[in-house]
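Structure at a glance
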Protein chains: 2
Amino acid sequence: MASSIHDLARHLNISIGTVSRALNGRADVNADTRQRVLDAAKKLNYSPNQSGRSLRQGATHSIAFMLQPHPGDQQYGEPFFIPFLIGLQGRLAESGLDLTVVMGAPGDYQQERLRRVVETRRADAVLLAWTRREDERIDYLTQVGFPFATLGRSRSGGKAYPSLDLDFEKAGGDAVDRLVARGHRRIAAIRPSLNLNFSYLFLDGYRKALKRHGIEVDPALIADGFINEAGGYQVTPRVMQAKDRPTAIIFNNDAMALGGCKALAEMGIRPGHDIAVTVIVDTPLCRYFSPALTAFRPPLEPMGRRLAEMLLASLPAFAGPGGPRIIHEVWPLELIARDSD
Amino acid sequence: MASSIHDLARHLNISIGTVSRALNGRADVNADTRQRVLDAAKKLNYSPNQSGRSLRQGATHSIAFMLQPHPGDQQYGEPFFIPFLIGLQGRLAESGLDLTVVMGAPGDYQQERLRRVVETRRADAVLLAWTRREDERIDYLTQVGFPFATLGRSRSGGKAYPSLDLDFEKAGGDAVDRLVARGHRRIAAIRPSLNLNFSYLFLDGYRKALKRHGIEVDPALIADGFINEAGGYQVTPRVMQAKDRPTAIIFNNDAMALGGCKALAEMGIRPGHDIAVTVIVDTPLCRYFSPALTAFRPPLEPMGRRLAEMLLASLPAFAGPGGPRIIHEVWPLELIARDSD
DNA sequence: CGTTTTTCCGTAAACGTTTACGAGAACACA
DNA sequence: TGTGTTCTCGTAAACGTTTACGGAAAAACG
């Protein structure tokens, strides 16, 4: 049933070596025989056994993307990543690589699963998302010398790996600028806990922009909570209880914004009327919420493509003529003005 | 660096055969030597090369879950599946199996990717979701005799594969019952197009319940659209233009409900006040939306665990003493009453 | 003590590829 | 014609495992 290279060879009365060379497009095979091999391969529905290839070549031809729910986050997930994955997979496929998403159990922050992938050599490289400020995954991978790239920056591992990130700092500043221009002075910031790197960047941008406008940074207007609806719901009332009530809130996460708006609604506060709401990472949620939420949108699919390219460029086997290169890029977020501010 | 079974053997001065047997827990190896092997394995940080194992055993020890955005659905994804995947991965890990999620490019409905997985033998079995009424993936897999299980039922492929589904028919009926009990007679149904199987089940339940209550089924109150926010947004006004305006809408999809509520808001119609809204599959969205949406909730994580178990039970290599069994189950959806109806 | 059974381990083949090496044939060139 | 080059292909080893087979040593048994 599963036809092997031997079947092809027997069928054509040539050696398996020639068949392999023909299939792999090597130069030292007659054009005529190559065609015959290709035809036979199609006819016998042949496709190479990956285990065999991997074993011989020491490469799996697949890239692992580590996807993991945050600890305790049983209910919701990562819609954010889907368009990103589409771009990723598209670009990888062009280079003959498979993308496999490996799920971690919630809570262990991927370390165990990551080790498993690396040690059993299930992938040729790994893609990490939601990098933390100090990231043990990055430490581990650099230590064992396993190729990887990250979506997001980190302090860990030096800069010896490709990374693509969004400019959360600028977005945080732009959000403040826009709100200040609209007359706001009391601006709250709500961000995820866990030491996610983008959350720090966002806060930096927020703080710097306030200072630029001569506005004092009030700790009572800054809060962090769990990175989902429940977290936003829980933490938003806290900033609303500040002595001098905020007239605007910037949420660093769409899910938290959703929960926060729920909390606001229960307090009788209407986004867009009684308070201005801005969200840093846009998803379709923001668009279809009532009122539609002003948000900063990342070009997710192009980001996926680009990160794939950057990863490939760093791998000796795929790098272009110039040899392997480590590329770092930071992309801007585009403001989508809607009704909530 | 990557230590092989040969390194272990050399280090212990025994043959690789013995090492392998010790590692795999076979009976014909001395308890003492086994311990020495295990210790050495830990010390040398050995873990078996998957390609080697797979090649020899003809099994990859991994299960593929096919995840694919619907054609044209660039923006949003499958948050629905995350808890499901957690359950799945947890149960598979207990049997030493890896779960890899394989992404398809949007649009080709997975056929090409599926073939690729099957033909290159990257997984031992496949898990399909969002089954269609007539499903070419199922036809293909049964035809080539590749093991699989499905989340959702289908007309294709006979019944020779395990399947776990939710009782959308009952949920559709229950939703109608509840609305009728609250005085509604004009009840609209909005569901995804594409011939997704659950969408038909839902509609069947809806229709039967209406008839049970002596209410005529009005085609003007039934609409289908694309399975995302945009689809709901686009199609909801259509049912609202029916001669005798509906006083309630049942959405068969949470994303469509979100889009639909946006459309309603633009028409000045408030869910929970001017119209009753019920959603068949609950997500955190429904809970945090304003107003919170009444919805039917599936136990996603247990479903994942259970489907993994059912798949394993159907595989000769993992089936229990009774031999392989094909199990079919249909689980109920639990109504979560909130504020929208 | 001799025979049979059990325990334990080494040998080697096999899984399906890729690829270094070498060799025969055809060709080019003087 | 002789020599060197090019084209094409077969041979066989190698990747890291698992496992059937057989055999030596130890244990059990009479």
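Since we're looking at a predicted model, the values are computed, not measured.

Once that is clear, we can look at the overall build of chain A. In terms of helices and strands, chain A carries 13 helices and 12 strands. The contacts of chain A with a sequence gap of at least 6 include a subset with a gap of at least 24, amounting to 66%. Here chain A contributes 42 positively and 37 negatively charged side chains, and the mean placements of these two sets differ by 3 Å.

This part covers the packing of aromatic side chains. On inspection of all chains with the given rule, the structure shows 11 aromatic pairs over all chains. Between A:Tyr233 and B:Tyr288, the ring centres sit 6.0 Å apart and the planes meet at 65°, which makes this aromatic pair edge-to-face. Note that A:Tyr233 is positioned in helix α10 (residues 229-240) and B:Tyr288 in helix α12 (residues 284-288), a pairing that runs across two chains. You can call A:Tyr233 partly exposed: its relative accessible area is 31%.

Here the focus is the interface of chain A and chain B. With 62 residues of chain A at the contact, the number on the chain B side is 62 residues. Summed over both partners, the interface of chain A with chain B comes to about 5400 Å²; 56% of that surface belongs to carbon and sulfur atoms. Broken down residue by residue, the surface that chain A buries against chain B is led by A:Met103, A:Arg122 and A:Tyr288, which jointly contribute 13%. The interface formed by chain A and chain B includes 6 salt bridges. Notably, a salt bridge pairs A:Asp98 with B:Arg122, separated by 2.4 Å at the nearest N-O pair. One can count 22 residue pairs in polar contact (both at pLDDT 80 or more) joining chain A with chain B. Contributions of two or more residues to the side of chain A that touches chain B are made by α4 (50-57), β1 (62-67), α5 (81-94), β2 (98-103), α6 (111-119), α10, α11 (254-266) and α12 (284-288) of chain A. A per-element tally of the side of chain A that touches chain B places β2(A) first, with 6 residues. Class assignment for the residues of the side of chain A that touches chain B results in 28 nonpolar, 20 polar and 14 charged.

The next thing to look at is the protein's contact with DNA strand D. In the vicinity of DNA strand D there are 26 residues, among which A:Thr18, B:Ile5, B:Ser20, B:Arg53 and B:Arg56 approach most closely. Protein-proximal atoms of DNA strand D, defined as those within 4 Å of the protein, fall in sugar or phosphate at a share of 59%. In the environment of DNA strand D, a phosphate oxygen lies 3.0 Å from a nitrogen or oxygen atom belonging to the side chain of A:Thr33. In this structure, a phosphate oxygen belonging to DNA strand D sits 3.2 Å away from a main-chain N or O atom of B:Asn49. Looking at the surface near DNA strand D, the elements with two or more residues in it are α2 (16-23) and α4 of chain A together with α1 (5-12), α2 (16-23) and α4 (50-57) of chain B.

Taken together, 27 residues surround DNA strand C, and among them A:Ile5, A:Ser20, A:Arg56, B:Ser15 and B:Thr18 come closest. Close to the protein, within 4 Å, the atoms of DNA strand C belong to sugar or phosphate groups at a rate of 60%. Here a phosphate oxygen of DNA strand C and a backbone polar atom of A:Ile5 are 2.7 Å apart. Put simply, the parts of the chain that give the surface near DNA strand C at least two residues each are α1 (5-12), α2 and α4 of chain A together with α2 and α4 of chain B. Taken together, the residues of the surface near DNA strand C break down into 7 nonpolar, 13 polar and 7 charged.

Cut-offs and rules
- Residues numbered from 1 in each chain as written.
- Chains lettered and ligands numbered in written order.
- Predicted model: local features only at pLDDT ≥ 70, side-chain atom pairs only at ≥ 80, totals over all residues.
- Heavy atoms only, no water.
- Helix = DSSP H or I, 4+ residues; strand = E, 2+ residues; numbered from the N terminus.
- Contact = heavy atoms within 4.5 Å.
- Lys, Arg positive; Asp, Glu negative; His and termini not counted.
- Charge placed at Lys NZ, Arg CZ, Asp CG, Glu CD.
- Phe/Tyr/Trp six-rings, centres within 6.5 Å; stacked < 30°, edge-to-face > 60°.
- Buried < 20%, exposed > 50% of the residue type's maximum accessible area, 1.4 Å probe, protein only.
- Buried area = accessible area lost by both parts, 1.4 Å probe.
- Salt bridge = Lys/Arg side-chain N within 4 Å of Asp/Glu carboxyl O.
- Polar contact = N/O pair within 3.5 Å; in protein donor to acceptor, adjacent residues only side chain to side chain.
- Nonpolar A, V, L, I, M, F, W, Y, C, P; charged D, E, K, R; others polar.
- Near = heavy atom within 4 Å.

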